[in-house]
Amino acid sequence: MLSLLAGLGLGLSLIIAIGAQNVFVLRQGIRREHVLGVVVICAVSDAVLIIAGVAGLGFLIAAAPWLVVVARWAGALFLLTYGLLAARRAWRGGEAGLETADAVGASASASADPASGRPTSTLTRTRLAPVVLTVLAITWLNPHVYLDTVLMLGSIAATHGEDRWLFAAGAVAASILWFTALGFGARYLGRWLRTPRSWRILDAVIAVVMITIAVSLVLPVLGG
């Protein structure tokens with residue numbers, strides 16, 4: 001159960017971080033346009049990459065157990081750095097948050113009536129094919145997705161030994177929960193999520209989770 005929760009927490013921390021994929025999903029959710037298809041593509045893509053990372057690195061760990069220690073320190077260093085950067089963004093704000101707010105605000109303005117806040121009937125609906133191609137490109141052509149899922153989640157999953165698949169299940173569940181909530185909840189949360197302050201709060205939460213997990217990774221090594 002602890003491995004499942006660890007995977008869920010880390011998965012959410014990695015996925016929630018501001019990026020082009022989240023902005024696109026949020027935009028589609030605000031426009032109420034092909035939301036199910038976008039959510040499914042994002043969640044399935046993450047699941048494939050996470051499973052590939054856990055399966056491949058799990059095989060290597062079985063052949064060379066010392067890689068577990070390396071994975072712990074490498075994972076802790078990465079998470080600590082990631083957490084500190086998130087803490088810096090939360091403290092100072094950042095260009096990424098402002099760009100996100102601008103992008104989401106533009107989408108909201110285009111899809112809602114200024115007086116009522118409800119979607120307008122004159123919004124041009126984009127065809128499914130371009131939306132699918134866009135979300136596939138944003139997901140699979142982003143080098144960070146491989147670092148986060150295949151390498152990072154795969155490495156940390158390996159430290160859970162036989163429970164690594166529970167960790168993977170938690171990470172996959174995190175992806176499904178986040179993209180579903182972001183896509184279908186955007187119509188209700190769009191106004192809140194498009195403010196720079198809201199993304200700073202998210203960054204603060206991400207920083208706490210990342211640093212906590214980084215410390216927990218190396219405690220067994222230091223204590224042993």
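Residues numbered from 1 in each chain as written. Predicted model: local features only at pLDDT ≥ 70, side-chain atom pairs only at ≥ 80, totals over all residues. Heavy atoms only, no water.

Peer 1: Help me get a handle on helix α2 (residues 20-31), residues and values and all.
Peer 2: The terminal C-alpha atoms of α2 lie 16 Å apart, and with 12 residues this matches the ideal 16 Å at 1.5 Å per residue to within 8%. Three or more residues of α2 are buried, namely Q21, N22, V23, F24, V25, L26, Q28, G29, I30 and R31. Directly after α2, the chain includes R32, whose backbone phi takes a positive value near 55 degrees. (Helix = DSSP H or I, 4+ residues; strand = E, 2+ residues; numbered from the N terminus. Expected span 1.5 Å × (residues − 1). Buried < 20%, exposed > 50% of the residue type's maximum accessible area, 1.4 Å probe, protein only.)

Peer 1: So what's going on with the environment of A181? Which residues, and what values?
Peer 2: As for its position among the elements, A181 is in helix α8 (residues 164-193). Overall, A181 belongs to the partly exposed group, its relative accessible area being 42%. Linking A181 and V39, residues 142 residues apart in sequence, is a C-alpha distance of 9.3 Å.

Peer 1: Can you break down the confidence of the model for the protein chain residue by residue, with the values?
Peer 2: In this model, the protein chain carries a mean pLDDT of 78, and residues with pLDDT of at least 70 account for 79%. When mean pLDDT is compared element by element in the protein chain, helix α6 (residues 128-140) scores highest at 88, while helix α5 (residues 95-111) scores lowest at 52. Low pLDDT, under 50, characterises residues 119-123; the predicted model gives this stretch 10 contacts beyond four residues in sequence or across chains. (pLDDT = per-residue confidence, 0-100. Contact = heavy atoms within 4.5 Å.)

Peer 1: Which residues make up the layout of surface pockets, and what values go with them?
Peer 2: In this structure, the largest pocket encloses a volume near 510 Å³. What lines the largest pocket is a set of 25 residues, among which L14, A17, Y82, H144 and D148 lie closest to the centre. Listed by contribution, the elements that provide at least two residues to the lining of the largest pocket are α1 (2-16), α2, α3 (35-63), α4 (67-92), α6 and α7 (143-158). Here the lining of the largest pocket is composed, by residue class, of 14 nonpolar, 8 polar and 3 charged. (1 Å grid on protein atoms, 1.4 Å probe; cavity = no way out; pocket = protein on both sides within 12 Å on 5 of 7 lines; lining within 4 Å. Points joined across faces, edges and corners; volume = space filled by probe spheres on them. Nonpolar A, V, L, I, M, F, W, Y, C, P; charged D, E, K, R; others polar.)

Peer 1: So, a nonpolar patch on the surface: which residues are in play, and what are the values?
Peer 2: Nonpolar side chains collect at one region of the surface, where L36, V40, V44, V48 and F184 lie side by side and expose about 420 Å² of accessible area between them. Examining the composition of the nonpolar patch, we find that 4 residues originate from one element, α3, more than from any other. Locating F184 in the fold gives a position in helix α8. (Patch = residues over 30% accessible without salt bridge, like charges linked within 9 Å, V, L, I, M, F, W, Y side chains within 5 Å. Areas by Shrake-Rupley, 256 points an atom, 1.4 Å probe, with all protein chains shown as cover. Salt bridge = Lys/Arg side-chain N within 4 Å of Asp/Glu carboxyl O.)

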